[in-house]
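# A structural walkthrough
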Amino acid sequence: MGYDSYIFDLDGTLLDTIDDLAFSCNYALEKHGMPHRSIEEVKAAVGNGVKKLLERTVPEGLNNPLFDQTFAAFKEHYLIHCTEHTYPYPGITELLTELRERGKHIAVVSNKFDTATKELVKHFFGKTVEVAIGEYDINKRKPAPDMVFEALKEMGQSHETAVYIGDSNVDIDTAQNSRLPCVSVLWGFRSADFLIASGASILVSKPKDILDI
C-alpha cells in the first residue's frame, strides 16, 4: 500500500446519515410551518454543510425571515438524534480496522458542524479514527483544503503520502485543492455518472477495494 494517511469524508462515505438528516430537517421545517422534504430532496441538498442543506430546503432559503430559527432548530434536534437511524456502510468498520492494523493514519473531515462530526465519529468508530474535524467558526468548508491540512498537521503527516476518500463532487474538488489523489466511492449519495462528470478518476464499489489502491 502506497499511502500512510487516509482522509475520509463522513456523510455518504463512512456513514449513511441521510435518514437522520432528513428527520431533523423535516422536524425543523414543520416546527416553523414549512413543507416537508423527501429523502431524495434532502440527499440532493447535502454536501456543502448543514447550513447549505437548510438553505436548499427552506422555502426562499436565506431570504426566509424564519431561516435562522429553522437552522437553529435543526442543529439542536440533530445533535440529540443524529445516531438513531445512522450506521456505517457495510465493510467500513472492517476497512478502518484493517488500515489501523497496517499502521495507517485515519482522519475524517466533514462539512457537518464540528460537534456533530466528533460525536458521530466517536460513537461509531471510537479510537480507530485519530482525528475528526467538522466545520467551525475559524475554518473553511470543503472544497477549501483547510480541514484536510489541519487533519494532516494534527496527525503529524505529509500530504505527499496521503489520499482523500469521498462520495461527491465537493470531495473531488477538496482533494484537488489539497493536492491529494481522490478515491470516489459508489455507495454514497451521488451516482457514478455524476462523479465521472465531476472529474472522478478512481472509483470503488466496495470499501475493501480501497485496500488495493
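On a predicted model such as this, the values are computed, not experimentally measured, just so you know. Residue numbers run consecutively from 1 along every chain, following the written order of its sequence. Thresholds applied to this predicted model are a pLDDT of at least 70 for local features of residues and 80 or more for the giving and counting of side-chain atom pairs; totals over whole chains, interfaces and linings are not thresholded and use all residues. With hydrogens and water stripped out, all remaining heavy atoms of the structure feed into the side-chain values.

Numbering of helices and strands runs from the N terminus, with a helix taken as a DSSP run of H or I at least four residues long and a strand as a DSSP run of E at least two residues long. Within the secondary structure layout, tyrosine 87 lies in strand E3 (residues 87–88). Throughout, exposure labels follow a simple rule: accessible area from a 1.4 Å probe, protein chains only, divided by the maximum for the residue type, with under 20% read as buried, over 50% as exposed, and the rest as partly exposed. You can call tyrosine 87 partly exposed: its relative accessible area is 43%. Residues count as neighbours in contact if any of their non-hydrogen atoms are within 4.5 Å of one another. Residues contacting tyrosine 87, with those up to four places away along its chain left out, are Leu14, Leu15, Asp16 and Phe124.

Looking now at empty space enclosed by the protein. Buriedness for pockets is judged along seven lines, at least five of which must meet protein on both sides within 12 Å for an open set on the 1 Å grid over protein atoms alone, while cavities are sets there where a 1.4 Å probe fits but cannot get out, and lining residues have an atom within 4 Å of a point. Grid points are joined across faces, edges and corners, and a volume is the space filled by probe spheres set on the points. The tally for this structure, following the rule as stated, stands at one cavity of 30 Å³ or more. Taken together, 19 residues make up the lining of the largest cavity; nearest its centre are Asp11, Val46, Gly47, Asn48 and Gly49. Elements with a minimum of two residues in the lining of the largest cavity: helix H3 (50–57), strand E4 (105–113) and helix H8 (169–177). Ranked by the residues each element gives to the lining of the largest cavity, the list is headed by E4, at three residues.

Moving on: the pairing of strand E5 (residues 131–135). For a regular strand, side-chain orientation follows a simple rule: the groups alternate between the two sheet faces. Taking burial as the measure, the five residues of E5 include four buried ones, the bulk of the element. Two strands qualify as a pair provided DSSP detects at least 2 bridges between them. Pairing of E4 with E5, which is carried by four bridges, proceeds in the parallel orientation. Following the sheet pairing, phenylalanine 113 is matched in E5 by glutamate 135. Orienting the strands away from the viewer, one traces the path from the first strand over the helix to the second; a clockwise path indicates a right-handed crossover. Read as a crossover between parallel neighbours, the route from E4 over helix H6 (residues 114–125) to E5 is right-handed.

This part takes up the layout of surface pockets. Computed from the structure, the largest pocket encloses a volume of approximately 160 Å³. Along the walls of the largest pocket sit Val50, Lys51, Phe71, Lys75, Phe113, Glu135, Tyr136 and Asp137, which together make up its complete lining. Listed by contribution, the elements that provide at least two residues to the lining of the largest pocket are H3 and helix H4 (67–81). In terms of residue class, the lining of the largest pocket is made up of four nonpolar, no polar and four charged. Classes in brief: Ala, Val, Leu, Ile, Met, Phe, Trp, Tyr, Cys and Pro nonpolar; Asp, Glu, Lys and Arg charged; the others, Gly included, polar.

Turning next to the sheet that holds strand E7 (residues 182–185). Read from one edge of the open sheet, six strands run E5-E4-E1-E6-E7-E8, paired in parallel fashion. If you trace the sheet from one side to the other, it starts and ends with E5 and strand E8 (203–204), each paired once. For E7 and E8, the ladder comprises two bridges, and the chain directions are parallel. Of the residues in E8, the one forming a bridge with valine 185 is valine 204. Helix H5 (residues 92–101) contacts strand E1 (5–8) and E4 of the sheet and is inclined by roughly 155° relative to E1. Lines fitted to C-alpha atoms define the axes, with helix axes restricted to the stretch in contact, and inter-axis angles between N-to-C directions lie between 0 and 180 degrees.

What follows covers the packing of aromatic side chains. Pairing of aromatic side chains here covers Phe, Tyr and the six-membered ring of Trp, requires ring centres within 6.5 Å, and sorts the geometry by plane angle: under 30 degrees stacked, over 60 edge-to-face, intermediate tilted. One pass over the full model with this rule turns up five aromatic pairs. A ring pair is formed by tyrosine 3 and tyrosine 6, whose centres lie 6.2 Å apart and whose planes are at 85°; its orientation type is edge-to-face. The class for tyrosine 6 is buried, based on a relative accessible area of 1%. Geometrically, the ring pair formed by phenylalanine 74 and tyrosine 78 is stacked, given 5.6 Å between the ring centres and 10° between the ring planes. Residue phenylalanine 74 and its partner tyrosine 78 are both found in helix H4; the two are separated by four residues, about one turn of the helix. Here phenylalanine 74 matches tyrosine 78 in class, with each residue buried. When the ring centre of phenylalanine 113 is taken as reference, the NZ or CZ atom of lysine 75 above it lies at 5.9 Å. Two conditions define a charge located above a ring, namely a distance within 6 Å from the ring centre to NZ of Lys or CZ of Arg, and an angle within 35 degrees of the ring normal. Across the ring face of phenylalanine 194, the terminal group of arginine 190 is positioned such that the distance to the ring centre comes to 5.9 Å.

On to a nonpolar patch on the surface, then. Only residues whose relative accessible area exceeds 30% and that form no salt bridge enter a patch; like-charged residues are grouped when within 9 Å of one another, and nonpolar side chains (Val, Leu, Ile, Met, Phe, Trp, Tyr) when within 5 Å. In short, Shrake-Rupley with a 1.4 Å probe defines the accessible areas, and a residue's cover is counted only from the protein chains shown. The term salt bridge refers to a pairing of a side-chain nitrogen on Lys or Arg with a carboxyl oxygen on Asp or Glu at a separation within 4 Å. Taken together, the side chains of Leu186, Ile196 and Leu203 define a hydrophobic patch exposed on the protein surface, amounting to about 230 Å² of accessible area. With respect to the secondary-structure elements, leucine 186 resides in the loop between E7 and helix H9 (192–197). The exposure class of leucine 186 is partly exposed, given its relative accessible area of 34%.

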